[in-house]
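These are the residues of each chain, in order.
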Protein chains: 2
Amino acid sequence: MKPYVLGIDIGGTNTVFGIVDARGNVIASSSIKTGKHADFNDYLDELYSEASHLIEANEATDKIQGIGIGAPNANYYTGEINNAANLPWKDVKLAQLVSEKFGIPVAVTNDANAAALGEMTYGAARGLKDFIMITLGTGVGSGIVINGQVVYGHDGLAGELGHLIIKRNNGRLCGCGRTGCLEAYCSATGVARSAREFLEIRTEPSILRNLPIEEITSKDVYDAAIQGDQIAKDIFNYTGTLLGEAMADMTVFSSPEAFILFGGLAKSGELLLRPMREAMDRTMLSAFKGKPKIILSELKEADAAVLGASALGWEAKPLQTPAAQ
Amino acid sequence: MKPYVLGIDIGGTNTVFGIVDARGNVIASSSIKTGKHADFNDYLDELYSEASHLIEANEATDKIQGIGIGAPNANYYTGEINNAANLPWKDVKLAQLVSEKFGIPVAVTNDANAAALGEMTYGAARGLKDFIMITLGTGVGSGIVINGQVVYGHDGLAGELGHLIIKRNNGRLCGCGRTGCLEAYCSATGVARSAREFLEIRTEPSILRNLPIEEITSKDVYDAAIQGDQIAKDIFNYTGTLLGEAMADMTVFSSPEAFILFGGLAKSGELLLRPMREAMDRTMLSAFKGKPKIILSELKEADAAVLGASALGWEAKPLQTPAAQ
């Protein structure tokens, strides 16, 4: 077996790629700007050129077994990106084009599924067969693993738990166009929105009132909570409670051994985790009470996206052509 | 391969069992009263005696490859029933004891998972790899199939979608002790509860007002709706809407190709299905809009429980001993 895979994480701003070995060491990595080229072929030319330099410089030519790509809206079955709102190209036959360019098998999935594969292959979920990865970043993403397999569903797009409806009435507008989604509350953006709501509705003094209200970030709320600011602490209680209630609902679906949390908000520690655990316990169906573990990601944030994408590279198959299920 | 399996459905009132062939024909079936014996060993003696007669009478001795059992709270991994509220025996090592008695491999699961296996093996889900079976009976049960496998989860108890919380505030008390569960609204019992609520809150005339309010059943509501009774029709709209909203949430989890509906309420036809489809479409995340099919069970209600249980018999393994995952 060839010893390396190439992991590529295509984000709205940067495309990060790295050479990864079977133990999850990132041998070398680099990046290009995703948005520089309006034409995907120009983007692919630059990606190929930069990745080739990296591969040659690390004497990895002919040692790359597969390429794994994590990208928004990337479909594992078809190998395509469709309707990606944050990328310059709306629809791309990603797996096919990258595979033809590099002459190496390619597999693709969305970034949260890639993160789940990364945790299972190299991180906190090693040895787990049933878990749910939740990424708490700008949005809320998820990757669901059942019987050791990522759940792609019938169409390759399963595992969008950020879009569970947690407020049926009077819920916040979500980026997806609907209202009341988990993502509208329990993402970094959601925490900032909660701050604006709390500061308008409540009257107590708060450090957060020193900031222009439209510019408050989840980091500002975290910093204020650490300093003991009551409104900031209550915002984390609110966020954690909603997340824990949603996780109790997720549990009746697949009864995971663990939830793995990743992303900026997950690093808020007990501010978020205590109310989350309490809400999970309080609202959990009795058969599952106390069962699912809460585990924080073990992957370094700088490497995690590349590692997650690379994990998919190990299962990329030669001559993979886009094929619907 | 031996040509038959024995399917056993253990319900709160009756235990139905039947000899089933590989095409899903019920060769012969019979039943005993579940509640007659407070001691499980006495129950097992009677079950063995009656099933042996049935097997001998149908010249099936030595032709039974496996026994599949569907029972409330039965755990696929451990082979046990635990905390079964509606059975005379609270905790039983079901698979082990039945297997020792009959000398035939036994596998067990809960009734809704058995129903899903039955549909996949003999019914409307043949050829489907990703679907969700929803049983709309006295309660709401579910069996989830992903990649052609029933989802048992880490502890063998996954797939309790009747206990998704669909009303976070002011929800009805559910039999599970929590409030706002799907089952408290979209079961036959839930429809009867809705009738009592609607009749109290609304003032229009209704055929249902001719009945003692505490005795109204979902069948009464159905009959009234068929006669054009507006309150009865609105109860079905309410029920279907809540069910459709919940199904949209289920879809973001596993993106099933289809939902298979089974049980008394599922036979309400368009009274239930129209508002259910409308709510699904209206609240579905755009990526999944219009994708999941709605399919009604193809199994005869009288045979379905035995067929579902029997489907598990084909995968029962010799010398199966209770073993945690």
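Here's a quick rundown of the structure. Just so it is clear, the model here is predicted, and its values are computed rather than measured. (Residues numbered from 1 in each chain as written. Chains lettered and ligands numbered in written order. Predicted model: local features only at pLDDT ≥ 70, side-chain atom pairs only at ≥ 80, totals over all residues. Heavy atoms only, no water.)

**Describing the side chain of B:R178**
- One can find B:R178 in the loop between β8 (149–150) and α4 (183–186).
- Only 2.7 Å separates the side chain of B:R178 from the backbone oxygen of B:H163, close enough to count as a polar contact.
- In contact with B:R178, not counting residues within four places along its chain, are A:T283, A:M284, A:L285, B:H163, B:I165, B:R172 and B:L173. (Helix = DSSP H or I, 4+ residues; strand = E, 2+ residues; numbered from the N terminus. Polar contact = N/O pair within 3.5 Å; in protein donor to acceptor, adjacent residues only side chain to side chain. Contact = heavy atoms within 4.5 Å.)

**Section: the pattern of salt bridges**
- Following the criterion strictly, the structure yields 34 salt bridges over all chains and no others.
- For the salt bridge of A:D303 with A:K300, the shortest nitrogen-to-oxygen distance reads 3.6 Å.
- Across the pair B:R274 and B:E278 runs a salt bridge, and its minimum N-O distance is 3.4 Å. With a gap of 4 residues between them, B:R274 and B:E278 both fall in helix α8 (residues 270–283), about one helical turn apart. (Salt bridge = Lys/Arg side-chain N within 4 Å of Asp/Glu carboxyl O.)

**Digging into the sheet that holds strand β6 (residues 131–136) of chain A**
Residue and element names in this part refer to chain A.
- In space, the 5 strands of this open sheet follow the order β8-β7-β6-β9-β10, with mixed pairing throughout. Only two strands of the sheet have a single partner each, and these edge strands are β8 (149–150) and β10 (293–296).
- Two strands pair when backbone bridges link them, and strand β7 (residues 140–146) and β8 are joined in this way by 2 bridges, in the antiparallel orientation. Directly across from V145, in β8, lies its bridge partner V150.
- Strands in contact with helix α8 (residues 270–283) are β6, β9 (258–262) and β10; relative to β10, the strand with the most contacts, it is inclined by about 160°. (Pairing = 2+ DSSP bridges. Axes fitted to C-alpha atoms, helices over the stretch in contact; angles between N-to-C directions.)

**Re the relation of the copies chain A and chain B**
- Mapping chain A onto chain B calls for a screw motion: a turn of 180° about the axis and a shift of 0.0 Å along it, with 0.0 Å RMSD after fitting. The superposition of one copy onto the other is thereby described by a two-fold rotation axis.
- Comparing contact sets, 100% of the residues at the interface of chain A also lie at the interface in chain B, consistent with an isologous, same-surface contact. (Least-squares fit on C-alpha atoms with pLDDT ≥ 70 in both.)

**Structural notes on the interface of chain A and chain B**
- Each partner contributes residues to the interface: chain A has 41 residues there, and chain B has 41 residues.
- Both faces considered, chain A and chain B share a buried interface measuring about 3,500 Å² in area, 55% of it formed by carbon and sulfur atoms.
- Contact with chain B buries area across many residues of chain A, yet A:H154, A:R168 and A:F253 alone supply 22% of it, more than any other trio.
- Applying the counting criterion to the chain A and chain B interface returns 6 salt bridges.
- Of the charged contacts, one joins A:R168 and B:D249 as a salt bridge, the two residues approaching to 3.2 Å between their closest N and O atoms.
- For the pair chain A and chain B, the interface holds 22 residue pairs in polar contact (both at pLDDT 80 or more).
- Mapped by element, the contributors of at least two residues to the side of chain A that touches chain B are β7 and α7 (230–254) of chain A.
- Per element, the largest residue contribution to the side of chain A that touches chain B is 7 residues, and it comes from α7(A). (Buried area = accessible area lost by both parts, 1.4 Å probe.)

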